Amino acid sequence: MFPKVSGPVRLADQVAAMLSEEIESGRLAEGDKLPTEVELVRQLGVSRTVVREAVSRLRNAGLVEPRQGLGVFVMPRRTRPLDLEAEAADTKSKVLQIVEVRRAMEGEAAHLAAARATPGDLARMRQALDAIDAAVASGRDGVDEDLAFHQSIAESTGNTVMVSTVRYLGEVLRSGIRVTRANEARRGDFIEAVRQEHHAILAAIEAGDGTAARTAARRHMKHAAARLQDADDGFWTQTEDVDVDLDTAP
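Residues numbered from 1 in each chain as written. Predicted model: local features only at pLDDT ≥ 70, side-chain atom pairs only at ≥ 80, totals over all residues. Heavy atoms only, no water.

Draft legend 1. Seen up close, the pattern of salt bridges. Across all of its chains, the model carries 13 salt bridges by this definition. When the shortest N-O distance is used, the salt bridge between Arg48 and Glu37 registers 2.8 Å. Residue Arg48 is found in helix α3 (residues 48–60), and its partner Glu37 is found in helix α2 (residues 37–44); the two are separated by eleven residues along the sequence. One salt bridge connects Glu39 with Arg42, and the closest N-O pair in it is separated by 2.5 Å. Of this pair, Glu39 and Arg42 both sit in helix α2, three residues apart, roughly one helical turn. We classify Arg42 as partly exposed; its relative accessible area is 48%. (Salt bridge = Lys/Arg side-chain N within 4 Å of Asp/Glu carboxyl O. Helix = DSSP H or I, 4+ residues; strand = E, 2+ residues; numbered from the N terminus. Buried < 20%, exposed > 50% of the residue type's maximum accessible area, 1.4 Å probe, protein only.)

Structural data, given as structure tokens:
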């Protein structure tokens with residue numbers, strides 16, 4: 001049984017830390033199954049979004065493995081050299097540092113996609129953009145749809161290391177920028193700016209122009225950092241139990 005989680009910020013941090021401690025201490029051993037999402041929500045007193053984000057962090061850190069139709073299981077212990085989520089990725093300074101790394105990665109992914117994307121890849125990118133627009137139009141945050149767009153670009157490169165890295169950085173940034181929701185609501189023009197930036201990336205990839213694609217992707221990340229800088233420091237102390245569009249920040 002887990003105690004209920006409370007606090008002004010970073011609920012997912014607390015849940016992830018609690019579950020990690022259970023695993024590291026051996027109370028949850030290799031092969032053990034985590035309580036179901038519904039059970040964790042009940043025990044911890046947090047939302048499904050918080051639980052999913054916490055479990056996603058454990059997965060990215062190599063601590064657990066989801067198995068289709070069976071649940072989430074503890075993985076064998078291994079060396080885990082990179083864990084950005086453990087390095088306070090919810091602070092503005094850390095998020096901006098990660099955005100700098102993502103700028104380089106996303107730019108190169110777009111450049112390679114322009115040369116390697118198949119018609120099927122391009123269709124998936126277009127569908128992902130349409131899904132973002134639909135999410136925004138229906139009042140949803142579009143986080144998953146946004147991640148799917150950037151992931152579709154990475155996948156079209158055929159580089160599995162790039163695919164994994166882009167996915168990992170996206171998940172880290174998802175938690176770090178959640179607190180900017182209030183800032184985005186205050187600046188509705190961000191949504192349209194992000195939309196135009198996304199479409200510029202796709203247009204360059206569809207044209208097979210690698211240089212333009214890299215430039216558009218890097219510009220998108222540069223503007224994302226500027227949008228984060230624009231956020232008042234007070235937004236970084238907002239509660240986490242809300243959703244936010246990933247690229248209305250980075």
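Draft legend 2. Looking closely at the pairing of strand β2 (residues 71–74). Direction of pairing for strand β1 (residues 64–67) relative to β2: antiparallel, over a ladder of four bridges. Bridge pairing links Pro66 to Val72 in β2. The turn joining β1 and β2, which pair antiparallel and follow one another in sequence, is formed by three residues; a positive phi near 80 degrees is taken by Gly69. (Pairing = 2+ DSSP bridges.)

Draft legend 3. Just the packing of α2 against α3, in detail. Where α2 meets α3, the axes come as close as 9 Å, and the angle between the chain directions of the two elements is 115 degrees. By the angle between their axes, α2 is roughly perpendicular relative to α3. Considering the relative orientation of α2 and α3, their crossing is right-handed. Seen from α2, the contacting residues are Glu37, Val38, Leu40 and Val41; seen from α3, they are Arg48, Val51 and Arg52. When its residues are assigned to classes, the contact of α2 with α3 shows four nonpolar, no polar and three charged. (Axes fitted to C-alpha atoms, helices over the stretch in contact; angles between N-to-C directions. Parallel < 35°, antiparallel > 145°, perpendicular 65-115°, else oblique. Left-handed = near helix turned anticlockwise from the far one by under 90°. Contact = heavy atoms within 4.5 Å. Nonpolar A, V, L, I, M, F, W, Y, C, P; charged D, E, K, R; others polar.)

Draft legend 4. The arrangement of helix α9 (residues 189–206) in detail. Along its 18 residues, α9 runs 26 Å from first to last C-alpha, staying within 8% of the 26 Å computed at 1.5 Å per residue. By the burial criterion, the buried members of α9 are Phe190, Val194, Glu197, His198, Ile201, Leu202, Ala204 and Ile205. Seen along its axis, α9 keeps its buried residues to an arc of 165 degrees; they face one direction. The first or second residue beyond α9 is Gly208, which carries a positive phi of 70 degrees. (Expected span 1.5 Å × (residues − 1). Arc of directions from axis to C-beta.)

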